[in-house]
Every structure is written in C-alpha cells, then in structure tokens.
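Observations on the three-dimensional arrangement
Chain by chain, the residues run as shown.
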Amino acid sequence: MGTLMARMGVKLPIVQAPMAGVSTPAMAAAVANAGALGSVGVGATNAAGARAMIEALRARTNGPFNVNVFCHRPATADARREQAWLAALEPEFKRYGAKPPAAIEEIYTSFLADEAMVELLADTRPSVVSFHFGLPSAQTIGRLRSAGAILLSTATNLEEAEMAAAAGVDAIVAQGYEAGGHRGVFDPGAPDPRLGVLALTRLLVSRIPLPVIAAGGIMDGAGIAAVLDLGAEMAQLGTAFVGCPESSADTFYREALLGPGALATRMTPVISGRLARCLANRFTGLEDAELKGLAIPDYPIAYDVGKALAAAGRAQGEGGFGAQWAGQGAPLARNLPAAELVAVLAQELAAAQGRTHGSTVKTQAAAS
Ligand SMILES: Cc1cc2nc3c(=O)[nH]c(=O)nc-3n(C[C@H](O)[C@H](O)[C@H](O)COP(=O)(O)O)c2cc1C
C-alpha cells in the first residue's frame, strides 16, 4: 500500500474525481464504502451548500472523503464584453422561445475570496481537501493542515506542480489534456503545453518529490494499471463515474455519454469562460459560428448565461446546450452503480497487474 493511500485510509488506488454539479454525496459515500476515495466538488456552491453535502456524506459513510474547491482568480466584470456575448447568444435563445438574461454575474465565489468556506472546512475537518485552478494562501493552507486535512492540488504542467509542492501540498493530481471537465490550469492566459497524461505523469514522478495521482482518460482497470506502472500512486477517474445512477447528470447528458455522441469531445471555453472538455454538442459548435472571435466574459460570469441557455433548450427538449463534461475515454463509460463500478475497476486492475507480472516473468525466462 502506497504511503498516500495509507495516510488517506483507503484500500484501493482509485479516486472518484470531484465533479461540481455531477458528483453527489451518495456517489462519494458509495465509493468510500467500496474502499476507494470518494469526492464531492463544492466549487460551485457556498459554505452552507458545502456543509449540507458533507453532512449528507457523513450520514452514509464513516470512510475518508475529499472535498474539492476552486481557487481561480476572482472574475472581473466587463459590461461591454458581457453585453456583446449576450447579443451573440440571443438568436439561440430565440430558437427556444426564450430571451437571454439582461445581465450576467459571477455565479459563485472563488475559494480565494471565501472565508466562510475556509471556516467550514476547518470546522468539518474532511480527511482530504483538493484545490483546482490554483492554490489558496499560505495562511489557508496552514489552517487546513492544522485541521488535519491531506491536501491535493491539480497540476497540468511542471511549473504548477512545483508551485503546489512549494506551497506544501501532500500530493499532485496530474491532469492530462485528455481529461473531462475544466482544465485546472492556474493562469488561463499562460502558454499551455497541453501535456497528455502519460508524459505529464512521468514528468512529475521524475521531478517532484511528492506522490502523483494521474487523471485524464482513465476508464478501466487496465488504464489504472498503466498509470500505476508509470509511477503514479493512485488514479483519479471522473468521466467513468458520470453515468452512475448516483450522479446528477440529466438524461440528455447520460444518453449522449452512453451513445455515439461520446466518440467526440472538445476542449472549449465558450460554456463557462474557462477551457473545459465537453462532449461535442450544439453549444461547443457555437465556438465556430456565432461566438467565433468574440471576447469571452470571465469565468464563471460566462457560465451564468451558459446555464440559462442550457435550461432554455432543455425546456423545449433540446439537451445539447448542457455542460456535458467528458474526457477522451468517454466511449468506454458504463452506467453501473458507483460501488459496483469500483468493484469492477478493482477486479480489472488485479487482472491487468497479473498480466503485466506474468509477461515480465515470461520475458525474463526467455532471456535466460
Ligand atoms: C463532469 C465533470 C466535472 C468535473 N468537475 C471537477 C471539479 O469540480 N473539480 C475538479 O477538481 N475537477 C473536476 N473535474 C475534472 C476531474 O477532476 C478530472 O481531472 C477528470 O475527470 C479526469 O479525466 P476523466 O474525466 O477523463 O477521467 C470534472 C470532470 C468531469 C468529467
């Protein structure tokens, strides 16, 4: 058992990714009870919402779990940019007998500016806290550490991983470009080397003196075995859990994920204002049409109208404007209950590791 897993108190090297708006306390608890690390994403809610999720989780499990927060730079409003964006989306709203909102705003607060959320985490003491989009202040890191939390940070390149290590986190979530959902880059304006999970995992394992949790495109036990072979201590899977009955994905999202729509994903900033990988759908297609060349409102201001457009479409039976986040492994998604999925992943992992071990022995025998 790797030291990170022992410290977390989990039996399996599997993390169910935090997925704000999709993962639920029921999912995280089922995963925890099955021996892996369950997570909830509280990035899109406030301290009261996070408290309710943590209480709901604790009512279902005594196991460890991860609470994930968004550490992005707070949004800067720009009325002209926002009005131009709303005007460009107006024809789409019209198609569904609706109108865009008159104005849009920052629909949730960054953890960097949310003292109530810091208090809540220090008070409720989850065993693991993870950061996405950046890092909180040294003071906040100190408070969470004093509350006993193991701290994780997403990194998409070496520089971000070095910053996270210097800030004192316990492990790095190496998020490859294949990954579903928001890309955890610290500075959306900085050049992005777009590293895949294979190269990123090897790079961080060889250069960073911390355990690495690999994420991106991992859908089954063979994928988990592969990243463990690369030196990761654990694998974090998001898309694999979206189809579980415990997820809050709507029917349109589930159908797209489990049908031919899963064969194409697209990295796009147009839905929320930050790059995220989504099933290619009507909304992602607007990037080449109505929204081409337009300046995008800051994250998560753009997401305010993105969610309104998704609701307008849904009300008329069109689900293709949803934030249907998914990684490149989407066609391999299954719709098993979360506990069953963890059990199947564990069996597949054991089988894959047995195969690797068997072939190593054979190669050695052939050489001797
Ligand atoms: C629906 C969905 C929502 C996500 N939301 C979050 C989130 O709230 N916080 C976070 O750190 N990562 C989030 N992610 C990214 C995951 O942590 C992880 O990097 C990704 O799922 C790994 O790639 P995969 O989806 O191919 O397994 C999300 C991913 C998906 C698919």
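Residues numbered from 1 in each chain as written. Predicted model: local features only at pLDDT ≥ 70, side-chain atom pairs only at ≥ 80, totals over all residues. Heavy atoms only, no water.

Here's the deal with the sheet that holds strand S10 (residues 265-268)
Note the threshold: We call two strands paired when DSSP finds no fewer than two bridges between them. Labels follow the DSSP assignment, with helices taken as runs of H or I lasting at least four residues and strands as runs of E lasting at least two, numbered in each case from the N terminus.
Taken in spatial order, the three strands of this open sheet run S7-S11-S10, and their pairing is antiparallel. Only two strands of the sheet have a single partner each, and these edge strands are strand S7 (181-182) and S10. Sheet analysis places S7 next to strand S11 (residues 276-279), joined by two bridges and oriented antiparallel. Among the inter-strand pairings, Gly181 is bridged to a residue of S11, identified as Arg277.

Digging into the sheet that holds strand S9 (residues 234-237)
What links the strands of a sheet is backbone hydrogen bonding, and the strands pair in either a parallel or an antiparallel sense. As a reminder of what qualifies: All axes are obtained by fitting lines to C-alpha atoms, using only the stretch in contact for helices, and the reported angles, taken between N-to-C directions, cover 0 to 180 degrees. Throughout, a residue-residue contact means that at least one pair of heavy atoms, one from each residue, lies within 4.5 Å.
Reading across the sheet, the eight strands line up as S1-S9-S8-S6-S5-S4-S3-S2 and stay open at both edges, with parallel pairing between neighbours. Strands with a single pairing partner mark the edges of an open sheet, and in this sheet they are strand S1 (14-16) and strand S2 (38-41). Within the sheet, the average angular offset between the axes of one strand and its neighbour, ignoring direction, is 25°. Relative to strand S4 (residues 128-132), strand S3 (residues 65-70) runs parallel, the two being bridged by five bridges. Across the sheet, Val69 pairs through a bridge with Phe131, a residue of S4. Seen against the sheet, helix H3 (residues 47-60) touches S2 and S3 and runs at an angle of roughly 165° to S3.

So, the environment of Leu200
Put simply, the rule reads: In this scheme, a residue with accessible area under 20% of its type's maximum is buried, one over 50% is exposed, and one in between is partly exposed, where area comes from a 1.4 Å probe on protein chains only.
Position of Leu200 among the secondary structure elements: in helix H8 (residues 197-207). The buried category is assigned to Leu200, whose relative accessible area is 0%. Setting aside anything within four residues of it in sequence, one finds Leu200 in contact with Ala155, Thr156, Asn157, Ala174, Gln175, Gly176 and Leu195.

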